[in-house]
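This is what each chain is made of:
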Amino acid sequence: MIMIIIIMLTLISRVKLFWKKQTEPKKSVFLRSGCTNWPAGSLSFLYACVYTPMYSIHVHSNLLLLCLGCLFLLFSFRIFCVWLGMDNNLPQEVEEFKFEDWTFTFTSGQSILSSACTCGSGTADGDRGDQQRCAYCRFSTALKYPNRPDMVFHKNSLRVMHRGGASVHFDALAALDQVGEDAPESSCHVAASDVWRQARAMSAYLSNVLRTHDWTYSSMFVGDLVGFQVIATEEPLDLDRLRQPEPILFYAHIPLYEDELADHGCSKMELKIRCMPSGFLILLSHYLRVDGVLIRLLETRYRHLYGRTYVLRERTLKRSNFDQLTSSQLRMVMNPEQLSANLPPISVISERLQF
């Protein structure tokens, strides 16, 4: 804040100086010289030719500094709003695309969820209404899970709706609400845990380990369905047709949440959708990497061809320990897309969503 005040005072002084120079009467350098003979007049004329452009450059440099200062103030105010949590009150951006019988609604925000309350609902001032509560309090109340990742994109969501009423919805709250359900990765340890345990083998507290939450944030979320009838099927996705070049009418990349697992890896869930003239494809993927321990990919694909009365959903689970990866796979662990193409699945579940 002190730096911002200093910069504002400097800008004000610059503006006052610039205005004073613009309003005061100016005389020609040639006349100020007071010389009427030819040699002195020539020197004065040459001096004026040099001084005038330099003065113009000086004026324009002041204007440039003024513009840069204003941009810096706007950027500083933006950071200040994010720090105070005021950024969570910014409006959401809603993009809607309609094609054939389907409507695709993509909602995005410009910020992540605050890490603490900014409205004072937890203080002795009393409870506030839902409209006056901050995004952190509203999200914490709706989420039954006690912990959350470092980055939660709580304003991002996607809804795909058929004109008959059937729809599928994706957002961060629904994804985190299923963290820890049927996920064996919740009990895994970091690579240095064995060395740490051996160094404290005589401690009586090793057997009293409390697991209050799934620290890997492994969610089994595959989307919230409304109006669909789920039927098991063996019909595969038409991958050959997906590889054919087609114009993309609508595309969106939607991150839901991400955490670096205290510098021990990465856990993130993101969503991608593309709409083509023949149909649409949705990919919901959760990527988990515990460095030196394991790799896990849960990918859910929704594929629909226009004219059909159903949507194919395929859930693929890929998992491997680090000591089972080949040298080429180890070079891909930081790139989920490349790793997914080179890691064999351990389970594939295909379903037909009838509407």
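On a predicted model such as this, the values are computed, not experimentally measured, just so you know.

Caption draft 1: Expanded view of unusual backbone geometry. The phi dihedral of Tyr-217 is positive, around 50°, even though this residue is not glycine. Mapping Tyr-217 onto the fold places it in the loop between α6 (193-199) and β6 (224-226).

Caption draft 2: Focus on the sheet that holds strand β1 (residues 93-99). Pairing is antiparallel in the open sheet, where five strands are placed in the order β1-β2-β4-β5-β6. This sheet does not close on itself; its edge strands, each paired only once, are β1 and β6. Put simply, the sheet's adjacent strands are angled 15° from each other on average, direction ignored. With six bridges connecting them, strand β2 (residues 102-108) and strand β4 (residues 157-162) associate as antiparallel partners. The residue of β4 that forms the bridge with Phe-106 is Leu-158.

Caption draft 3: Representation of the sheet that holds strand β12 (residues 310-321). Strand order in the open sheet made by the eight strands is β3-β8-β9-β10-β11-β12-β13-β7, with antiparallel pairing throughout. Where the open sheet ends on each side, the last strands, each with one partner, are β3 (151-152) and β7 (229-232).

Caption draft 4: Spatial organisation of the nonpolar core. Ranked by internal contacts, the top residues of the largest apolar core, which has 45 residues, are Phe-104, Val-160 and Phe-170. What Phe-170 contacts, discounting residues up to four positions off in sequence, is Asn-156, Ser-157, Leu-158, Phe-221, Val-222, Gly-223, Leu-271, Ile-282, Leu-284 and Tyr-302. Tyr-287, Phe-322, Met-332 and Leu-339 belong to the second largest nonpolar core, which has ten residues in total.

Caption draft 5: Summary view of the layout of surface pockets. One number sums up the size of the largest pocket: a volume of about 830 Å³. Every residue lining the largest pocket is counted, 29 residues in all, and those nearest its centre are Leu-281, Leu-283, Glu-299, Arg-301 and Ser-340. Elements with a contribution of two residues or more to the lining of the largest pocket: α7 (239-243), β9 (265-275), β10 (279-290), β11 (294-305), β12 and α9 (336-342). Of all the elements, β9 adds the most residues to the lining of the largest pocket, at six residues.

Caption draft 6: Main features of the side chain of Ser-267. With respect to the secondary-structure elements, Ser-267 resides in strand β9. Polar side-chain contacts of Ser-267 include one of 2.7 Å to the backbone oxygen of Thr-216. Apart from the residues lying within four places of it in its own chain, the contact partners of Ser-267 are Thr-216, Tyr-217, Tyr-257, Glu-258, Asp-259, Leu-261, His-286, Tyr-287 and Leu-288.

Rules behind the numbers
- Residues numbered from 1 in each chain as written.
- Predicted model: local features only at pLDDT ≥ 70, side-chain atom pairs only at ≥ 80, totals over all residues.
- Heavy atoms only, no water.
- Helix = DSSP H or I, 4+ residues; strand = E, 2+ residues; numbered from the N terminus.
- Pairing = 2+ DSSP bridges.
- Axes fitted to C-alpha atoms, helices over the stretch in contact; angles between N-to-C directions.
- Core = buried A, V, L, I, M, F, W, Y, C linked by side-chain atoms within 4.5 Å.
- Buried < 20%, exposed > 50% of the residue type's maximum accessible area, 1.4 Å probe, protein only.
- Contact = heavy atoms within 4.5 Å.
- 1 Å grid on protein atoms, 1.4 Å probe; cavity = no way out; pocket = protein on both sides within 12 Å on 5 of 7 lines; lining within 4 Å.
- Points joined across faces, edges and corners; volume = space filled by probe spheres on them.
- Polar contact = N/O pair within 3.5 Å; in protein donor to acceptor, adjacent residues only side chain to side chain.

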